[in-house]
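The primary structure of each chain is shown beneath.
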Amino acid sequence: NPPPTSITFKMAEEPPAKKAKTTGWEEHALNCSEALMKADEAKHFADMMEAPVSTLQGIGEKSSEVLEVLRIETVKDLANYEYFHIARALATLAETETEGGRLDGSVMNVDKAVDKEWETKTLKEIVDAPLSALEGLSEKASDLLKELGVTTVGQLATFKYCRWAESMVLLGSKYENTKTAKERKQEVALKKLE
C-alpha cells in the first residue's frame, strides 16, 4: 500500500463568542489610566475604596510597606489620611494670606494642627515647613513619608496619591452609578408599580 499523499484534518468549530454584557457606559470616555493599575481600570470608583493602595499606579511593594506602617492599607485609608487633610487645608488657606495682613485682636489660629514652635508663623511659612511642624506627626512617620518623596507640609498637601485616592473615594461614594443599564431600568419599572 502506498503512503497517503495528503492528510485531511477536521477542525473543531469555534464556540460562538460570548456577547459582552451591556452596562450602559459603553459610550463613556472618562478614564484614570495613569492613576490605576491596568487590572483595575475598568472597575467602579466604588470598588477602589477597599482596594489595596498598590491599586494606584506608582505605589509598589516598598511604598505599600511604608504606607502600611502609617496604618494606610486601602485607597480609602489614603484618601482619609488626617495629615494630608491638615496639610491641604493649610496650603489652601496660605493662598489667601496677605503678608502683614493680620488684624489687631484677631483670634484665628491653627494651634492644634502645628507644633508649639510653629503656632505664631504665617500659613505660608507653615506650608514650607518640614513635616515635623504638624502636631502629632511622629518623627518616624516623617521619615517614612520622606521615603515617598514628601518632606514638607506643602508637598504632603499636593501628594498625588492622596489626591487620587480622595477623588476616587468621593466620586465612588456619592456620584457614581454602580447599577447596569438593565438594573437601572428594572429599578424604574419597580418604582412605577409602587
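(A) Just the overall build of the chain, in detail. Each helix and strand in the chain was counted, giving 9 helices and 0 strands. Secondary structure elements in the chain, listed N-terminal to C-terminal, are α-α-α-α-α-α-α-α-α. With 194 residues in all, the chain has 31% of them scored as buried. Across the chain, contacts joining residues at least 24 apart in sequence account for 56% of those joining residues at least 6 apart. Carbon together with sulfur atoms contributes 53% to the accessible area of the chain, which is approximately 14200 Å² in total.

(B) Representation of helix α4 (residues 82–94) within the structure. When the terminal C-alpha atoms of α4 are compared, their 18 Å separation across 13 residues agrees well with the 18 Å that a helix rising 1.5 Å per residue should span. For α4, the complete set of buried residues consists of Y83, F84, I86, A87, L90, A91 and A94. One side of α4 carries all its buried residues, which in axial view fall inside an arc of 165 degrees. Looking at the buried side of α4, the elements it contacts are α3 (75–79), α5 (123–128), α7 (153–157) and α8 (160–174).

(C) Focus on the packing of aromatic side chains. Throughout the structure, instances matching the rule amount to 3 aromatic pairs. When the centroid spacing of 5.3 Å and the interplanar angle of 75 degrees are considered together, the rings of F159 and Y161 count as edge-to-face. A centroid spacing of 5.3 Å and a plane angle of 80 degrees characterise the contact between Y161 and W164, whose relative ring orientation is edge-to-face. Remark: W164 and Y161 occur in helix α8; sequence separation between them is 3 residues, near one turn of the helix. An aromatic cluster is built from F159, Y161 and W164, whose rings are joined through pairwise contacts. Seen from the ring of W118, K121 lies directly overhead, with NZ or CZ sitting 5.9 Å from the centre.

The rules behind the values
Residues numbered from 1 in each chain as written. Predicted model: local features only at pLDDT ≥ 70, side-chain atom pairs only at ≥ 80, totals over all residues. Heavy atoms only, no water. Helix = DSSP H or I, 4+ residues; strand = E, 2+ residues; numbered from the N terminus. Buried < 20%, exposed > 50% of the residue type's maximum accessible area, 1.4 Å probe, protein only. Contact = heavy atoms within 4.5 Å. Areas by Shrake-Rupley, 256 points an atom, 1.4 Å probe, with all protein chains shown as cover. Expected span 1.5 Å × (residues − 1). Arc of directions from axis to C-beta. Phe/Tyr/Trp six-rings, centres within 6.5 Å; stacked < 30°, edge-to-face > 60°. Lys NZ or Arg CZ within 6 Å of the ring centre and 35° of its normal.

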